[in-house]
Amino acid sequence: MSATRVLVLNSGSSSVKYQLLDMAGGAGERLASGIVERIGQGEVADHTAALKRVAAELAAAGLGLDSPALAAVGHRVVHGGTRFTEPTLIDDGVVAAIEDLVPLAPLHNPANITGIKVARELRPDLPQVAVFDTAFHSTIPEAAARYAIDAATADAHGVRRYGFHGTSHAYVSRAAARLLGKDVSDTNAIVLHLGNGASASAVRGGVCVDTSMGLTPLEGLVMGTRSGDIDPAVIFHLSRVAGMSTDETDTLLNKRSGLLGLCGDNDMREIGRRMGEGDERAQLAFDVYIHRLRKYVGAYFAVLGRVDVVAFTAGVGENSAAVREAAMHGLGGLGIELDTVRNALRASSEGASGGSWGGGPPGGSWGRLISAVDSRVAVAVVPTDEELEIATETYALVSAAPSDVPTAPIFRS
Ligand code: AMP
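Since the model is a prediction, treat every value here as computed from it, not as a measurement. Once a new chain begins, its residue numbering starts again from 1 and follows that chain's sequence as written. pLDDT decides what is reported in this predicted model: residues at 70 or higher carry local features, side-chain atom pairs at 80 or more are listed and counted, and totals for whole chains, interfaces and linings draw on all residues regardless. Note: side-chain values were computed over all heavy atoms of the structure, leaving out hydrogens and water.

Colleague: Report on empty space enclosed by the protein, specifying residues and quantitative values.
Modeller: Only protein atoms enter the 1 Å grid used here. Points where a 1.4 Å probe fits but cannot escape make up a cavity, open sets with protein on both sides within 12 Å along at least five of seven lines make up a pocket, and a residue lines them when an atom lies within 4 Å of a point. Grid points are joined across faces, edges and corners, and a volume is the space filled by probe spheres set on the points. Scanning all chains against the criterion turns up two cavities of 30 Å³ or more. The volume enclosed by the largest cavity comes to roughly 70 Å³. Around the largest cavity sit Leu 7, Leu 9, Leu 51, Val 54, Ala 55, Leu 65, Val 73, Ala 119, Leu 122, Arg 123 and Gln 128, which together line it. Secondary structure elements follow DSSP: runs of H or I no shorter than four residues count as helices, runs of E no shorter than two count as strands, and numbering proceeds from the N terminus. Listing elements by their share of the lining of the largest cavity, those giving two or more residues are strand E1 (5–11), helix H1 (47–60) and helix H3 (109–122). For the lining of the largest cavity, the leading source of residues is H1, giving three residues. Following the grouping adopted for this structure description, the nonpolar residues are Ala, Val, Leu, Ile, Met, Phe, Trp, Tyr, Cys and Pro, the charged ones are Asp, Glu, Lys and Arg, and the polar ones are all others, Gly among them. Looking at side-chain class alone, the lining of the largest cavity contains nine nonpolar, one polar and one charged residues.

Next up, the structure:
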């Protein structure tokens, strides 16, 4: 039996998400998926117990980790620094290098590393691949990646803009080109990944040239609980006038800001409901969110010069017609004309037209157009699929000619 399956693991601090995909023929058929939550609280003691549970769930479905059909495990790793710009076959040196990057991503990389270590213990013979959230943004030119601070200080401490959500921006920019029937290399896209975390990217011909997140995922757009861009002097001011410590401002800006900080809710559905009742705080939160989003759209028009498509993705981007309409309203001068009827259609009521785009990932389509037919710039809703992207990149690496693979994978048969 040839090994064509990839197990994708996304190990967070208190949860492990997994998907098993069959990459035969490049399709990416989803065979199983699940999540083990509340790690460290009660019955799931730690990541070892969580991954053992994942293994047990897969075995119960007849898809055990010992299957000869399993080609590799693909791990989502949040921060790759400047060292990792591509999917990387994991060995002890790679694990050590990801550990070295923990100061840049103290909340995320430790959990990713634990997931890697446990998976390597469970199947030491299996190729394991790290796919980095930062990698797609490694092409951003210095002019966009550099902060205008003392260069020696920045270089000594790795202070620069890295960007995140890279697998999503990579997948969606390609899917949007396919939706338009265009070659990726000839498509300029603005990708708006609007989930609980949110980021924008400017992608020229498949190559990322700017993104809104920076050293950490705090910069840029207004998010569910994160402030996005602020004057950094706010931190000094709060330190001086309110005696707030570094940890307190970190918590303020990452966990008590954004939509939550502005109105007490971080879920766009609830904010929409409250706005319908005339709630002014919810309306203001929405307005601040939209204002920032529109500024980035305008900025990325200037960065790209020519834009073929604006693609909305992730929880808010895929589901909130109100956000899309407000973000695209009145941009005729940029060549954007939204079709408000198409925009308001729910994707679920569109099964037939979803399929009529011709082709698409398994069980879906590349997305749907919501711009008017005569809009110079296309506007699209493109469902993201980070797991499929991780599996695709992982499988491409391990199924490459053996001479291309740094260490020879040993397959069980
Ligand atoms: P994500 O991080 O991509 O899973 O996105 C999660 C966020 O998507 C939630 O916090 C909600 O704000 C938003 N969301 C999910 N479903 C909807 C919906 N039907 N309408 C508006 N927002 C939604």
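Colleague: Go over the site of the ligand with me, naming the residues and quoting the values.
Modeller: The cutoff for a nearby residue is simple: one of its non-hydrogen atoms must lie within 4 Å of the molecule or strand. Taken together, the neighbourhood of the ligand is formed by Gly 195, Asn 196, Asn 266, Asp 267, Met 268, Arg 269, Ala 314, Gly 315, Val 316, Asn 319 and Ser 320. Polar contacts here mean pairs of N or O atoms no more than 3.5 Å apart (in protein, one a potential hydrogen donor and the other a potential acceptor; neighbouring residues in sequence count only if both atoms are side-chain atoms). Between the ligand and Met 268 there is a distance of 2.8 Å, counted from an oxygen atom to a backbone nitrogen or oxygen. Of all elements in the fold, only helix H10 (268–276) and helix H12 (314–319) reach the threshold of two or more residues within the shell around the ligand. Top contributing element to the shell around the ligand by residue count: H12, with four residues. Considering only residue class, the shell around the ligand consists of three nonpolar, six polar and two charged.

Colleague: Would you mind going over the packing of aromatic side chains in detail, with residue names and values included?
Modeller: Two rings from Phe, Tyr or Trp (for Trp, the six-membered ring) form a pair when their centres are within 6.5 Å of each other. A pair whose planes differ by under 30 degrees is stacked, one over 60 is edge-to-face, and the rest are tilted. By the definition in use, this model includes three aromatic pairs. An angle of 5° between the planes, with centres 4.6 Å apart, marks the rings of Phe 84 and Phe 132 as stacked. In this pair, Phe 84 is assigned in the loop between strand E4 (70–77) and strand E5 (88–89) and Phe 132 in strand E6 (residues 128–132), connecting sequence segments 48 residues apart. The burial state of Phe 84 is the same as that of Phe 132; both residues are buried. Per-residue accessibility, obtained with a 1.4 Å probe over protein chains only, is compared with the maximum for each type, and a residue is labelled buried under 20%, exposed over 50%, and partly exposed between these values.

Colleague: Describe the sheet that holds E4, listing the residues and the values that go with them.
Modeller: Should DSSP find at least two bridges between two strands, the strands are taken to pair. Pairing within the open sheet is mixed, and its six strands lie in the order E3-E2-E1-E4-E6-E5. This sheet does not close on itself; its edge strands, each paired only once, are strand E3 (29–36) and E5. Strand direction decides the pairing type here: E4 and E6, joined by five bridges, are parallel. Counted as the bridge partner of Arg 76 is Val 131 from E6. Relative to the sheet, helix H16 (residues 386–398) contacts E1, strand E2 (16–22), E3, E4, E5 and E6, its axis offset from that of E4 by approximately 125°. Any two residues having at least one pair of non-hydrogen atoms within 4.5 Å are treated as being in contact. The convention used is that axes are lines fitted to C-alpha atoms, helices contributing only their stretch in contact, and that angles between N-to-C directions extend from 0 to 180 degrees.

Colleague: Which residues make up helix H8 (residues 246–255), and what are the values?
Modeller: Thr 249, Leu 252, Leu 253 and Asn 254 are the residues of H8 that are buried. Its buried side turned inward, H8 meets helix H7 (233–242).

Colleague: Please provide a residue-by-residue account of the pattern of salt bridges, values included.
Modeller: Throughout this description, the term salt bridge denotes a Lys or Arg side-chain nitrogen within 4 Å of a carboxyl oxygen of Asp or Glu. Under the defined criterion, the tally for this structure stands at 20 salt bridges. Note that Arg 120 is salt-bridged to Asp 92, the shortest N-O span being 3.0 Å. Of this pair, Arg 120 sits in helix H3 while Asp 92 sits in helix H2 (residues 92–100); the two residues are 28 residues apart in sequence, bridging distant segments of the chain. The partner of Glu 219 in a salt bridge is Arg 161, and the shortest N-O contact between them spans 3.2 Å. Taken together, the residues span a long stretch of sequence, with Glu 219 in the loop between strand E9 (207–211) and H7 and Arg 161 in the loop between helix H5 (151–156) and helix H6 (166–180) at a distance of 58 residues. For Glu 219, a relative accessible area of 21% puts it in the partly exposed group. Connected through shared salt-bridge partners, Glu 142, Arg 146, Asp 155 and Arg 160 make up one network.

Colleague: I'd like a rundown of the sheet that holds strand E10 (residues 309–313), residues and numbers included.
Modeller: Taken together, the six strands give an open sheet; going across it, the order is E9-E8-E7-E10-E12-E11, and neighbouring strands pair in mixed fashion. At either margin of the open sheet sits one strand with a lone partner, and together these are E9 and strand E11 (368–369). Bridge count between E11 and strand E12 (residues 378–381): two bridges; the pairing is antiparallel. Looking at E12, one finds that Arg 368 is bridged to Val 381. Strands in contact with helix H13 (residues 321–328) are strand E7 (188–194), E10, E11 and E12; relative to E10, the strand with the most contacts, it is inclined by about 150°.

Colleague: Tell me what's going on with the pairing of E2, and back it up with residues and numbers.
Modeller: Counting buried residues in E2 gives six out of seven residues, a clear majority hidden from the surface. In terms of strand pairing, E1 meets E2 through seven bridges, oriented antiparallel. Its bridge partner being in E2, Arg 5 is matched across the sheet by Asp 22. The turn joining E1 and E2, which pair antiparallel and follow one another in sequence, is formed by four residues.

Colleague: With reference to specific residues and values, describe the packing of H1 against H3.
Modeller: Packing of H1 against H3 brings their axes to within 9 Å, and their N-to-C directions diverge by 55°. Here H3 runs oblique to H1, going by the angle between their axes. Regarding H1 and H3, the two cross each other, and that crossing is right-handed. Note on element contacts: H3 touches H1 through Ala 111, Thr 114, Gly 115, Val 118, Ala 119 and Leu 122, opposite His 47, Thr 48, Leu 51 and Lys 52. Of the residues assigned to the contact of H1 with H3, the class counts are five nonpolar, four polar and one charged. Here the angle decides the label: under 35 degrees means roughly parallel, over 145 means roughly antiparallel, 65 to 115 means roughly perpendicular, and every other value means oblique. Helix crossings get a hand from a simple test, with the near helix turned counterclockwise from the far one by less than a right angle marking a left-handed crossing and a clockwise turn marking a right-handed one.

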